[in-house]
Protein chains: 2
Amino acid sequence: MQKLGLQTIQFTSPPSITETASIVGPKEADGPLASYFDKCLEDEFWGESSWEKAESKIIKETASLAIGKSKIPTDQIDFCFAGDLLNQCISSSFGLRDLTIPFFGVFGACSTFVEGIGIASVFLDGGAGKNALCCASSHFCSAEKQFRFPLELGNQRPQSSQWTVTGAGCAVLSKDGTGPFVTHFTPGRIVDMGIKDANNMGAAMAPAALDTLITHFKDTNRNPSYYDVILTGDLGYVGKEILIELSQKQGYNIKSNYNDCGVLIFDKEKQDTHSGGSGCACCGTVFSGFLFHELKTKKYKKILLIATGALTNSTTSQQGETIPGIAHAISIEL
Amino acid sequence: MQKLGLQTIQFTSPPSITETASIVGPKEADGPLASYFDKCLEDEFWGESSWEKAESKIIKETASLAIGKSKIPTDQIDFCFAGDLLNQCISSSFGLRDLTIPFFGVFGACSTFVEGIGIASVFLDGGAGKNALCCASSHFCSAEKQFRFPLELGNQRPQSSQWTVTGAGCAVLSKDGTGPFVTHFTPGRIVDMGIKDANNMGAAMAPAALDTLITHFKDTNRNPSYYDVILTGDLGYVGKEILIELSQKQGYNIKSNYNDCGVLIFDKEKQDTHSGGSGCACCGTVFSGFLFHELKTKKYKKILLIATGALTNSTTSQQGETIPGIAHAISIEL
């Protein structure tokens, strides 16, 4: 691999995304992408006694599905990179504790899925191993309980708020494989533009997405039209509009081939999800379900996936802090 | 790089640990290693209005010190790998948000410092960049508040409990440099032996340390006597004794050259720290302060650093879960 420009890593032997799997909750099962997911749950508990245990079960079963679909024996998977939104990433560590695969906890808030794939790609292209598993999960109920209010309160949500996706996305990457391939990885810097509204994560994260997007184009000498589609992780409707406008001001027109996973996963009119989906599983399930299918069927041949994360928590909000954002991008090409 | 045996990565051009820095709190300043740290604080707040903000300031200033000592311009540091114990790793993301270096959040609980150095070494040996910054922090007050009880309660602590180190350790790694060098990295698997006592983390983490230790020896065909010293991150007195005993049962005698950072950092008799130190900063500051000095002055020429982490939180404890452990090991040699 080599470094291109300021921040981008270009892989010499681009790792192959061999298989993916996705499991989602009941709300996502009512959305427009339902048919692309491997499994849709009928309720938020899946037989467990708490939302946290349910989220752990979801990531565990999704990992198991992805490994099974890849037909790679578990003992030939060299590393697992995983993370989630729960305090101390417990969904991943409890869900994946029986895997017996060397485990790396990663945390990039909702950008975790792509952070993991990016790091895994460096490991595989560098020769550290042959196969890696990348997982990320989130759960509407465990996230609301932890970051906002008890669900039982039935609080009203402002129009700029987003709906945390319940589910998990997992990808198996291989040094050898038939693609699609991770060709470039542009890890992001932390960008904090002073947004303090914890109910407007799209606005807080859009400047970080912009920073990574523009850096990626400059580093690779590519422009937006190079990609069949450019997808951000969970800017939602509010953040999507901001990113289009900010990109335009920097001389990049992304309007015709850009969308956001949080916009795609729910039906805005029918599902009352306001600004759209969010959470580690937003980008994780939309990629592992929908996008991977479109790549495999060659509808898309070149995509730029930019997962976005808000590096905040309830303590920092209560202490009057602003919300730092981050965005990690990977080019995936056939 | 290449994979050795089951889990170990052997670096082809071992990255150099070019510089380190450490800042600690007042309790650590009263301990036996005080003279090795770059800065000892007089109080737990350091002029900030909350313990969380103080912890962010500590990691920020430690990173700044490490970069300054390395004499590498910030814009030539390609990546930052950082994490901490606070929910959503806010100490790292808020403390390092002004760095403008591509940022990777990593979470391995108290094993985070070595997890970061291991990943950074893969990036540098693989050719993804030339320099990387690795940071980890913890803070006694923010950790007690978050994981256990309000400090104001003055709860009694059992003899098996450990004292979270207040401080941060940061290391600057370089592709080119004069060492000490990271020659091997053995990332750990999650090991859960069913310990449920949140006041006995040493016992919960010792089996994970054992798993990584034995795997490292088998993968590298080395035995304990190869190293001048073997150091675990924060098993404390309780976990240290368990690890010695478990290793003996597996045929490895580590008694003569093994110690634990949590045992070294406090004076057990005078400081009332029971089983010893813990936290991301335990291994982080003891390595960045004491061990790096011993390597630079050639007192130690070969060390094995095994950072240990308990992948738990207060929710999982309250829900009756056991405590999964993990341990990541790096060989550092002149």
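Structural notes, computed from the coordinates. (Residues numbered from 1 in each chain as written. Chains lettered and ligands numbered in written order. Predicted model: local features only at pLDDT ≥ 70, side-chain atom pairs only at ≥ 80, totals over all residues. Heavy atoms only, no water.)

Turning to the interface of chain B and chain A, a few remarks are in order. At the interface, 55 residues of chain B touch 55 residues of chain A. Per-residue buried area on chain B facing chain A is highest for B:Gln88, B:Arg97 and B:Ile190; these three make up 15% of the total on that side. In this structure, the connection of chain B to chain A is made through 8 salt bridges. In this structure, the salt-bridge partner of B:Glu321 is A:Arg97, at a minimum N-O distance of 3.0 Å. (Contact = heavy atoms within 4.5 Å. Buried area = accessible area lost by both parts, 1.4 Å probe. Salt bridge = Lys/Arg side-chain N within 4 Å of Asp/Glu carboxyl O.)

Attention now moves to the packing of aromatic side chains. All names here are of chain B. Taken as a whole, this structure holds 28 aromatic pairs over all chains when the rule is applied. Plain terms: the ring middles of Phe79 and Phe81 are 6.2 Å apart, the flat faces sit at 50° to each other, and that makes the pair tilted. As far as the burial class goes, Phe79 and Phe81 line up, both buried. The lysine or arginine in question, Lys27, covers the ring of Trp163, its NZ or CZ lying 4.0 Å from the ring centre. (Phe/Tyr/Trp six-rings, centres within 6.5 Å; stacked < 30°, edge-to-face > 60°. Buried < 20%, exposed > 50% of the residue type's maximum accessible area, 1.4 Å probe, protein only. Lys NZ or Arg CZ within 6 Å of the ring centre and 35° of its normal.)

All names here are of chain A. Along strand 5 (residues 79–84), 6 of the 6 residues are buried, which leaves the element largely enclosed by surrounding structure. Alternating positions in strand 5 separate into two faces, Phe79, Phe81 and Gly83 on one and Cys80, Ala82 and Asp84 on the other, with burial throughout. Pairing between strand 5 and strand 7 (residues 131–138): 6 bridges, direction parallel. Across the sheet, the residue bridging to Asp84 is Ser137, located in strand 7. (Helix = DSSP H or I, 4+ residues; strand = E, 2+ residues; numbered from the N terminus. Pairing = 2+ DSSP bridges.)

In an α-helix, one turn spans 3.6 residues; hence positions three or four apart end up facing the same way. All names here are of chain B. In terms of burial, helix 5 (residues 140–147) is largely enclosed, as 6 of its 8 residues are buried. Of all the residues in helix 5, the buried ones are Phe140, Cys141, Ser142, Ala143, Glu144 and Gln146. Each element contacted by the buried residues of helix 5 is listed here: helix 2 (51–70), strand 7 (131–138), strand 8 (163–164) and helix 11 (314–318).

Take chain B, turn it by 180°, move it 0.0 Å along the axis, and it overlays chain A with an RMSD of 0.0 Å. Taken together, the rotation and translation relating the two chain copies correspond to the operation of a two-fold axis. (Least-squares fit on C-alpha atoms with pLDDT ≥ 70 in both.)

On to the packing of helix 6 (residues 201–220) of chain A against helix 7 (residues 236–249) of chain A, then. Residues and elements named next belong to chain A. At a closest axis distance of 8 Å, the pairing of helix 6 and helix 7 adopts a crossing angle of 40°. Here helix 7 runs oblique to helix 6, going by the angle between their axes. As for the relative orientation of helix 6 and helix 7, their crossing is right-handed in sense. Contacts from Gly202, Ala203, Ala206, Ala209, Leu210 and Leu213 in helix 6 reach Gly239, Ile242, Leu243, Leu246 and Ser247 in helix 7. Classifying every residue of the contact of helix 6 with helix 7 by side-chain character gives 8 nonpolar, 3 polar and no charged. (Axes fitted to C-alpha atoms, helices over the stretch in contact; angles between N-to-C directions. Parallel < 35°, antiparallel > 145°, perpendicular 65-115°, else oblique. Left-handed = near helix turned anticlockwise from the far one by under 90°. Nonpolar A, V, L, I, M, F, W, Y, C, P; charged D, E, K, R; others polar.)

All right, on to the pattern of salt bridges then. All chains considered together, the criterion is met by 26 salt bridges over all chains. Notably, a salt bridge pairs B:Glu321 with A:Lys53, separated by 3.4 Å at the nearest N-O pair. Of this pair, B:Glu321 sits in the loop between helix 11 and strand 15 (325–333) while A:Lys53 is found in helix 2 (residues 51–70), placing the two residues in two different chains. Judged by its relative accessible area of 19%, A:Lys53 is buried. Taken together, the shared-partner salt bridges in this structure form one network comprising A:Lys53, A:Arg97, B:Asp192 and B:Glu321.

All names here are of chain B. Structurally, Asp234 can be placed in the loop between strand 11 (229–232) and helix 7 (236–249). One buried charge, Asp234, has no salt-bridge partner; the nearest side chain with opposite charge is Arg148, at 8.5 Å. Within the local environment of Asp234, its side chain forms a polar contact with the side chain of Thr308, the two groups lying 2.8 Å apart. Beyond its immediate sequence surroundings of up to four residues, Asp234 is in contact with Cys110, Gln162, Met205, Asp260, Gly262, Gly277, Ser278, Gly279, Cys282 and Thr308. (Lys, Arg positive; Asp, Glu negative; His and termini not counted. Polar contact = N/O pair within 3.5 Å; in protein donor to acceptor, adjacent residues only side chain to side chain.)

Residues and elements named next belong to chain A. On the secondary structure map, Val191 appears in the loop between strand 10 (181–186) and helix 6. Note on Val191: relative accessible area 14%, which makes it buried. Separated by 19 residues in sequence, Val191 and Leu210 have C-alpha atoms that sit 9.7 Å apart. Leave out the neighbours within four places in its chain, and Val191 touches Pro207, Ala208, Asp211, Ile323, Pro324 and Gly325.

As a further point, take helix 10 (residues 280–296) of chain A. All names here are of chain A. Taking 1.5 Å of rise per residue, the 17 residues of helix 10 would be expected to cover 24 Å, and the 23 Å separating its terminal C-alpha atoms lies within 8% of that figure. Along its length, helix 10 reaches its greatest deviation from straightness, about 40°, at Phe287. Looking at the residues trailing helix 10, positive phi occurs at Lys298, about 60°. (Expected span 1.5 Å × (residues − 1). Bend = angle between axes of the 7 residues up to and from the residue.)

Turning to the pairing of strand 3 (residues 16–24) of chain A, a few remarks are in order. Remember that side chains alternate between the two faces of the sheet whenever the strand is regular. All names here are of chain A. Within strand 3, 8 of the 9 residues are buried, leaving the element largely enclosed by the surrounding structure. As defined by bridge partners, strand 3 adjoins strand 9 (residues 167–174) across 8 bridges and the pair is classed as antiparallel. Paired with Val24 across the bridge in strand 9 is Gly167. Of the pairings in the sheet, the one linking strand 3 to strand 4 (residues 39–40) comprises 2 bridges and is parallel in character. Among the inter-strand pairings, Ile23 is bridged to a residue of strand 4, identified as Lys39.

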